[in-house]
Amino acid sequence: MALSVGIVGLPNAGKSTLFNALAARRLAETAPRPFTTIDPHEAVVGIGDEKLEKLSELVKPEKTVPASVTFIDIAGLVKGAHKGEGLGNQFLAKIREVDAIVHAVRTFTNPEVSHQNLSYQPGSQEQALEDIEIVNLELELGEIKGKPTIYVLNVDEGKIKDDSINQIIKEIKKKFGGEALAISAKLEEEFIDLEPEERKEYLKELGVEEGGLNRLIKKAYELLGLITFYTIKGGKEVHAWSLEEGRTALDAAGEVHTDFAKNFIKAEVINVGELLLTGSWKEAKEKGKVRLEGRDYIVQDGDVIEFKIGA
Ligand SMILES: Nc1nc2c(ncn2[C@@H]2O[C@H](COP(=O)(O)OP(=O)(O)OP(=O)(O)O)[C@@H](O)[C@H]2O)c(=O)[nH]1
Ligand SMILES: [Mg+2]
């Protein structure tokens, strides 16, 4: 499925900062004033995938295409947005179409960045919960209900693993359901300018094993119950695709091409781990490790699939 995720939150929560970090480009203006974002921005982001990289090293195709997520950054939502307060309302329609919501919640300290609440207490649990409620109410009144939501606490860069932040995350999950995690949007945005090695070093210094964006995308996958399968197009193009768990080989074929579903005959399948161990598709076939599956086969996470298509 072509996954799409909308970023919502109060003005100045750091939505565009997070969006830029995800897009790895400064597409949206960010500023310490509310309603910086007016028109929505969209970015198609390739999902970092180690297995895909390894598969690509093995197959050496002309082209490698990661699975992708479209992120949409909209204007901040304020109290009364559903009645036309602020700017967010007119873009709620955009949010109705997405598969999941990333709800940015400010907990970072920065006296230059204003908050709706004049007595804003950075990092306070009450404040975070109150902020969330304001936005959730507007979403509900705007007829956006029951969407899978990931709450992103936008924290000061040194606080990603703080106990107090972990506590807020627990409370959010308890109170609102969905997923929650802490990210420093500002830090992730600064990563745009760094080489991968430098990023790793930086994260290590902060005591964090994995960048926030990867963690966010993983959570989105979990929340939406998605898995990844791969196609190699006879060695020409290695391609990662996302699919809902429990879907069949026929559904997977339809993801790749509508004609593939129409003219489906069989699917040749091997798990990516096994293929990497074996060394090549040809060898895997010779050794009988590539299975032939029919249209009702339930696709597993990490399956590499070659579809056999009729005329
Ligand atoms: N210190 C700090 N500042 C941040 C962080 N994230 C965002 N900011 C700053 O906060 C301000 C607002 O960020 P934006 O990304 O523009 O916020 P937004 O939610 O898109 O705001 P609107 O589009 O106006 O609704 C900018 O000046 C950012 O640099 C953070 O994690 N730490
Ligand atoms: Mg913005």
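See the structure printed just above.
Notes on the structure follow. (Residues numbered from 1 in each chain as written. Chains lettered and ligands numbered in written order. Predicted model: local features only at pLDDT ≥ 70, side-chain atom pairs only at ≥ 80, totals over all residues.)

## A closer look at the overall build of the chain
Point 1. Counting its secondary structure elements, the chain contains twelve helices and twelve strands.
Point 2. A compact globule built from 311 residues would reach a C-alpha radius of gyration of about 19 Å, and the chain, at 21 Å, matches this within 12%.
Point 3. Buried positions account for 38% of the 311 residues belonging to the chain.
Point 4. Summarising the internal contacts of the chain: among those between residues at least 6 apart in sequence, 71% fall at separations of at least 24. (Helix = DSSP H or I, 4+ residues; strand = E, 2+ residues; numbered from the N terminus. Rg over C-alpha atoms; globule rule 2.2 N^0.38 Å. Buried ≥ 20, exposed ≤ 12 C-beta atoms within 10 Å, placed from the backbone. Contact = placed C-beta atoms within 7 Å.)

## Considerations on the site of ligand 1
Point 1. In the neighbourhood of ligand 1, 24 residues make up the surrounding shell, with Gly14, Ser16, Thr30, Thr37 and Gly76 lying closest.
Point 2. Among the secondary structure elements, those contributing two or more residues to the shell around ligand 1 are α1 (15–23) and α6 (185–190).
Point 3. Looking at the shell around ligand 1 element by element, the count peaks at three residues for α1.
Point 4. For the shell around ligand 1, the per-class residue count stands at ten nonpolar, twelve polar and two charged. (Near = placed C-beta within 6 Å. Nonpolar A, V, L, I, M, F, W, Y, C, P; charged D, E, K, R; others polar.)

## Here we look at the environment of Leu3
Point 1. Residue position: Leu3 is located in strand β1 (residues 3–9).
Point 2. With 117 residues separating them along the chain, Leu3 and Tyr120 place their C-alpha atoms 34 Å apart.
Point 3. With near-sequence residues (within four places) excluded, Leu3 lies in contact with Val69, Asp99 and Ser242.

## Digging into the sheet that holds strand β2 (residues 41–46)
Point 1. Read from one edge to the other, the open sheet built from six strands follows the order β2-β4-β1-β5-β6-β7, with strand pairing classed as mixed. Looking at which strands have only one partner, the edges of the open sheet turn out to be β2 and β7 (179–183). Ignoring strand direction, the axes of neighbouring strands in this sheet form an average angle of 25°.
Point 2. Pairing analysis gives five bridges linking strand β6 (residues 149–154) to β7, with the strands arranged parallel. Within the sheet, the bridge partner assigned to Val152 lies in β7 and is Leu181.
Point 3. Across the sheet, helix α5 (residues 163–176) lies against β6 and β7, angled at about 155° from β7, the strand it touches most.
Point 4. Packed onto the sheet, helix α8 (residues 212–224) meets β1, β4 (68–73), β5 (100–106), β6 and β7 and runs at close to 175° relative to β7. (Pairing = 2+ DSSP bridges. Axes fitted to C-alpha atoms, helices over the stretch in contact; angles between N-to-C directions.)

## Regarding the nonpolar core
Point 1. Counting 55 residues, the largest nonpolar core has Ile7, Leu18, Phe71, Val152 and Leu153 as its most contacted members.
Point 2. Leave out the neighbours within four places in its chain, and Phe71 touches Val5, Ile7, Phe19, Leu22, Ala23, Ala43 and Val45. (Core = buried A, V, L, I, M, F, W, Y, C linked by C-beta atoms within 7 Å.)

## Notes on the pairing of strand β9 (residues 237–244)
Point 1. In terms of residue burial, β9 counts as a mostly covered element, since six of its eight residues are buried.
Point 2. Bridge count for strand β3 (residues 63–65) against β9 is three bridges, and the pairing is parallel. Considered in β9, the bridge of Val65 is made with His239.
Point 3. One ladder, built from six bridges, connects strand β8 (residues 226–231) with β9; its direction is antiparallel. Its bridge partner being in β9, Phe229 is matched across the sheet by Trp241.
Point 4. The hairpin formed by β8 and β9 contains five residues between the paired strands, and Lys233 there has a positive phi angle of roughly 50°.

## Observations concerning the environment of Arg33
Point 1. As for its position among the elements, Arg33 is in the loop between α1 and β2.
Point 2. Among the residues examined, Arg33 registers 10 C-beta atoms within 10 Å and is labelled exposed.

## A word on unusual backbone geometry
Point 1. One non-glycine residue, Asn12, adopts positive backbone phi at about 70°.
Point 2. Residue position: Asn12 is located in the loop between β1 and α1.
Point 3. Classification of Asn12 by C-beta neighbours within 10 Å gives buried; the count is 26.
Point 4. Its identity is not glycine, yet Glu143 carries a phi of approximately 65°, on the positive side.

## Points about helix α4 (residues 125–141)
Point 1. With 17 residues, α4 should reach 24 Å at 1.5 Å per residue; the first-to-last C-alpha distance of 24 Å fits that figure.
Point 2. Of all the positions in α4, only Ala128, Asp131, Ile132, Val135, Glu138 and Leu139 are classed as buried. Viewed end-on, α4 has its buried residues packed into an arc of 125°, placing them on one side of the element. Among the exposed residues of α4, those oriented more than 90 degrees off its buried face are Glu126, Glu133 and Glu140.
Point 3. On its buried face, α4 sits against β1, β5, β6 and α5.
Point 4. Of the residues trailing α4, Glu143 is marked for its positive phi of about 65°. (Expected span 1.5 Å × (residues − 1). Arc of directions from axis to C-beta.)

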